[in-house]
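Below are the chains, spelled out letter by letter.
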Amino acid sequence: MTQSLHLAQLDYSVLQQCIHCGMCLPTCPTYDETKHERNSPRGRIALMRGIADGKLGVTEAFGDELYFCLGCLACETACPAGVRYAPMFEAARADIEQARVLANPSRDLVRALTLRLIFTRPMLLRAIGRLLRWYQASGAEWLVRKCGLTRLLPRRLRELEPLTPRIQRDFSDRLIAEIELPRERRFRVGMLTGCVQDLAFPDVNRDTVDVLLRNGCEVVTPGWQHCCGSLHAHNGEIEWAREMARRNINAMERSAGSLETLDAIITNAAGCGSHLKHYDELLAHDPRYAARAAQWSAKLRDIHEWLIAIGLAAPPYQLSTINYQPLSVTYHEACHLCHGQKISRQPRELLRMIPGVELVELPEATWCCGSAGIYNITQPEMSAKLLERKMANIAKTGARVVASANPGCTIQLQTGLRESGCDMRVAHPISLLAEAYRASERTA
């Protein structure tokens, strides 16, 4: 029987918090689909406690169950006992990878290429991004699809091909200077550009900097940033997650001088932000980084959270609309923003402050869209069911724009809208705000 290392070393009080009340059950997408106790947070915690106690071993069945979990953290929001599911979830997956109960040659190769190679080397990641950009922009992608050559791909790759994000021409380091100054400085902040966000949505990063400048923030943006480490932490690579944290702290210190000079460190990606805020826990036992990581976590702010806290300057003129009708916008809540970071009110406040925007509430706004990091790759069937449910709710709103504050959610929603033949736009709330600022400048 393979014994646990990470779950056994976890503070046992974390495992004891669950009172088995069942309040989490109706909020869990996998339990809602299967109605199996093992597919619920309560069932998974019971398994994890049994492994930590040495009564159960780390098995292939346990590995399959924990990778069937979305890690959406809706159970944390619902829990009356304040159970912190995230540390257990990450420790369990680390035990699964250490025990190698799911190991096979193809899985090992994919993990080595992605988690340990591509997403630990920003230069390599950008090089791959440029190749993908050429493939998409040169017409090669159109030709491959037109000729039906995707049929030659293995089934799994053929299913993943529509999820490929559109890569932009210029990445964040080409769009954003290392130091940018506002007309009147009120604050000094660091800006995190992410990895997927950097390749697929660098315009959102530029919009974020523009909004910060408009609100009196000097913005420090390190040119070479690393993956935040959330992909590693959520997939059992704890040591790599720690290394990514160290590299990001180093990069910000080099550009800012020191973390002490910053009033805040800003992220605009929900999934990244939920992980970035816990660098203090991740590096708590690192003598060189523990104090710096604590300072980092104390300063880490989601962009919506930060703007509402400092007093957002509302745009004086409205966004362009058709026949002067309000621009109807519905807001999809990224799991790791509303459940992981407990930020739900601020994005809505921000959207309501944009003249010309009519916010239409989305049914089941906090229900996962099925992206969940790489869940749409590892669990395509369950992911597709969640996306179908999300698309049905979006259609009910009649909105013209879906606001989403996470790159993974945005790619997932764009895929769903494209497959359904809908021409709705998916936009980050900050991009809508930036557009309103620019419209007011043109009018002035």
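Going by the structure above, here's the rest.
Structural notes on the overall build of the chain
Move 1: Helix and strand content of the chain: 26 helices and nine strands.
Move 2: For 444 residues, the compact-globule estimate of 2.2 N^0.38 gives 22 Å, and the chain sits close to it at 22 Å.
Move 3: Projected onto its principal axes, the C-alpha positions of the chain cover 70 × 55 × 45 Å.
Move 4: Within the chain, the fraction of its 444 residues that count as buried is 55%.

Quick look at the packing of aromatic side chains
Move 1: Overall, the coordinates contain three aromatic pairs when judged by the stated rule.
Move 2: A ring pair is formed by Phe-187 and Trp-306, whose centres lie 5.2 Å apart and whose planes are at 75°; its orientation type is edge-to-face. Pair noted here: Phe-187 is in strand β2 (residues 187-191) and Trp-306 is in helix α20 (residues 303-310), with a separation of 119 residues, a long-range link.
Move 3: Aromatic side chains Tyr-279 and Trp-296 sit 5.2 Å apart centroid to centroid with 20° between the ring planes, which places their arrangement in the stacked category. Taken together, the residues Tyr-279 in helix α18 (residues 279-282) and Trp-296 in helix α19 (residues 290-299) connect sequence positions 17 residues apart. For the residue pair Tyr-279 and Trp-296, the accessibility class agrees, reading buried in each case.
Move 4: Cation over ring: Arg-107 sits above Tyr-67, and NZ or CZ is 5.3 Å from the ring centre.
Move 5: Stacked on the ring of Trp-224, the Lys or Arg Arg-126 has its end atom at 4.5 Å from the ring centre.

Observations regarding the side chain of Ser-431
Move 1: Looking at the element boundaries, Ser-431 is found in helix α26 (residues 429-443).
Move 2: If we ignore the near neighbours within four places in the chain, the residues touching Ser-431 are Val-204 and Asp-207.

Considerations on the sheet that holds strand β4 (residues 264-267)
Move 1: What the five strands build is an open sheet, ordered β1-β3-β2-β4-β5; its pairing is mixed. The open sheet has two free edges, formed respectively by β1 (179-180) and β5 (300-302), since each of these has just one partner strand.
Move 2: Here β1 runs beside strand β3 (residues 217-220); their pairing, made up of two bridges, is antiparallel. Bridge assignment links Glu-180 to a residue of β3, and that residue is Val-219.

As for the pairing of strand β6 (residues 327-331)
Move 1: Burial analysis of β6 places five of its five residues in the buried class, which makes it a mostly covered element.
Move 2: By the alternation rule, side chains of β6 split into Leu-327, Val-329 and Tyr-331 and Ser-328 and Thr-330, which are all buried.
Move 3: Note: β6 against strand β7 (residues 357-360), four bridges, orientation parallel. Across the sheet, residue Leu-327 finds its bridge partner in β7, namely Val-357.
Move 4: The sheet contact formed by β6 and strand β8 (residues 401-403) spans three bridges and is parallel. Residue pairing across strands places Thr-330 opposite Val-402, the latter belonging to β8.

Rules of the game
- Residues numbered from 1 in each chain as written.
- Predicted model: local features only at pLDDT ≥ 70, side-chain atom pairs only at ≥ 80, totals over all residues.
- Heavy atoms only, no water.
- Helix = DSSP H or I, 4+ residues; strand = E, 2+ residues; numbered from the N terminus.
- Rg over C-alpha atoms; globule rule 2.2 N^0.38 Å.
- Buried < 20%, exposed > 50% of the residue type's maximum accessible area, 1.4 Å probe, protein only.
- Phe/Tyr/Trp six-rings, centres within 6.5 Å; stacked < 30°, edge-to-face > 60°.
- Lys NZ or Arg CZ within 6 Å of the ring centre and 35° of its normal.
- Contact = heavy atoms within 4.5 Å.
- Pairing = 2+ DSSP bridges.

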